[in-house]
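Residue strings, one per chain:
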Amino acid sequence: MQPTSEVVTARPAPALAGFVDHYLGYRQAGFEPGLHRGLPSRHLTFIVAIGPRIDVVAQADPGQRPEAYGCVLGGLQAAPATIRHDGTQEGVAIALTPLGCRTLFGLPAAELWSLSLELADVAGPAGERLWAELQGRPGWPERFATVDRVLSELADHERQVAPELAWAWRTVVRGSDQAVGALAGEIGWSRQHLTRRFNREFGLGPKLAGRIARFERARRMIERVPSHVSLAQVAAACGYYDQAHLNRDFAELAGCAPTTLLNTEIPSVQDGTHPLA
């Protein structure tokens with residue numbers, strides 16, 4: 001069977017903007033069975049499987065036991081998870097920001113740090129309903145509309161991250177090179193107070209959040225740029241000191257070198273995207 005890969009993206013309903021960046025539907029078939037890395041990102045892990053469950057054989061937190069999920073909700077993380085697949089994968093990935101965790105689920109993203117849970121364990125019956133309804137929706141527009149409806153029902157817009165922290169998060173992951181002290185000064189807080197509040201809300205400090213965002217930008221660039229663009233050029237474009245600095249970050253955050261990631265992963269669901277909206 002010739003391997004096939006389909007990826008479709010869409011924007012969420014306006015009421016979810018700022019909390020969910022986009023939806024991504026993926027369908028891959030005919031690949032060799034293997035392992036896939038679930039990598040650190042500026043988004044929480046939020047994926048609804050269609051068909052086979054998501055089989056996490058090694059969690060980002062090695063103290064959490066392996067588990068298979070129909071609809072996985074996971075926090076921010078600074079280490080990779082390992083997912084086993086049989087060559088066929090299908091589902092909807094929801095790019096949930098840490099700012100949306102309070103609004104949708106009534107808890108800070110820090111409570112999910114480096115954890116993976118079944119959505120129903122956090123959202124109750126709505127989590128079970130989201131998974132069940134997506135199994136019966138054949139087309140991407142219908143699937144995205146279902147996610148819009150269920151998440152809009154969960155959203156309580158009176159549950160918001162403090163404005164100062166929301167601004168700090170967006171500034172850090174946007175790629176600002178401001179030092180934490182300068183960032184805190186713009187808010188009117190001390191460096192220690194910002195770091196403490198940031199950790200309490202998101203589960204990590206501003207410095208690590210910026211590092212993860214930079215890693216994610218580099219990973220996407222490496223996946224997409226032509227082969228004649230060197231890793232040293234990617235490193236410079238993404239704000240690393242040099243290629244060795246980039247390699248060290250990949251070793252810690254992805255568990256492998258950049259070239260290993262490219263050579264061992266099946267095509268990224270970020271490739272060949274076809275927006276619906």
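Treat the numbers as computed from the prediction; the structure is a model and nothing was measured.

Visitor: Would you take a moment to explain helix H4 (residues 140–154) for this structure?
Guide: Since there are 3.6 residues in each turn of an α-helix, residues three or four apart along the chain are aligned in direction. Along its 15 residues, H4 runs 21 Å from first to last C-alpha, staying within 8% of the 21 Å computed at 1.5 Å per residue. All of the buried residues along H4 are Trp140, Arg143, Phe144, Thr146, Val147, Asp148, Val150, Leu151 and Leu154.

Visitor: What is the right way to look at the sheet that holds strand S5 (residues 54–58) in this model?
Guide: Think of a sheet as strands paired side by side through backbone hydrogen bonds, with each pair either parallel or antiparallel. If you trace the four strands from one edge of the open sheet to the other, you get S3-S8-S5-S6, paired in antiparallel fashion. Of all the strands in the sheet, just strand S3 (34–38) and strand S6 (67–69) have a single pairing partner and so form its edges. Across the sheet, the axes of successive neighbouring strands diverge by a mean angle of 35°, strand direction being ignored. Sheet analysis places S5 next to strand S8 (residues 81–85), joined by three bridges and oriented antiparallel. Directly across from Val56, in S8, lies its bridge partner Ile83.

Visitor: Before we go on, may I ask you to explain the packing of helix H3 (residues 125–135) against H4 in this structure?
Guide: For any two helices packed against each other, one specifies the inter-axial angle together with the distance between the axes. The interhelical angle for the contact between H3 and H4, taken along N-to-C directions, is 170°, at an axis separation of 10 Å. The orientation of H3 with respect to H4, classified from their angle, is roughly antiparallel. Contact with H3, carried on its side by Ala126, Arg129, Leu130, Glu133 and Leu134, involves Arg143, Thr146, Val147, Arg149, Val150, Glu153 and Leu154 of H4 and no other residues of that element. Along the lines of polarity and charge, the residues of the contact of H3 with H4 split into six nonpolar, one polar and five charged.

Visitor: I would appreciate a short explanation of the pattern of salt bridges in the present structure.
Guide: As a working rule, side chains carrying opposite charge can pair if their charged atoms are close by. Applying the stated criterion to the full structure yields 17 salt bridges. Note that Glu153 and Arg129 form a salt bridge whose closest N and O atoms lie 2.5 Å from each other. Taken as a pair, Glu153 in helix H4 and Arg129 in helix H3 lie far apart in primary sequence, 24 residues in all. Residues joined in a network through salt bridges with shared partners are Arg129, Glu133, Arg137, Arg149 and Glu153.

Here is what the cut-offs are and how they apply
- Residues numbered from 1 in each chain as written.
- Predicted model: local features only at pLDDT ≥ 70, side-chain atom pairs only at ≥ 80, totals over all residues.
- Heavy atoms only, no water.
- Helix = DSSP H or I, 4+ residues; strand = E, 2+ residues; numbered from the N terminus.
- Expected span 1.5 Å × (residues − 1).
- Buried < 20%, exposed > 50% of the residue type's maximum accessible area, 1.4 Å probe, protein only.
- Pairing = 2+ DSSP bridges.
- Axes fitted to C-alpha atoms, helices over the stretch in contact; angles between N-to-C directions.
- Parallel < 35°, antiparallel > 145°, perpendicular 65-115°, else oblique.
- Contact = heavy atoms within 4.5 Å.
- Nonpolar A, V, L, I, M, F, W, Y, C, P; charged D, E, K, R; others polar.
- Salt bridge = Lys/Arg side-chain N within 4 Å of Asp/Glu carboxyl O.

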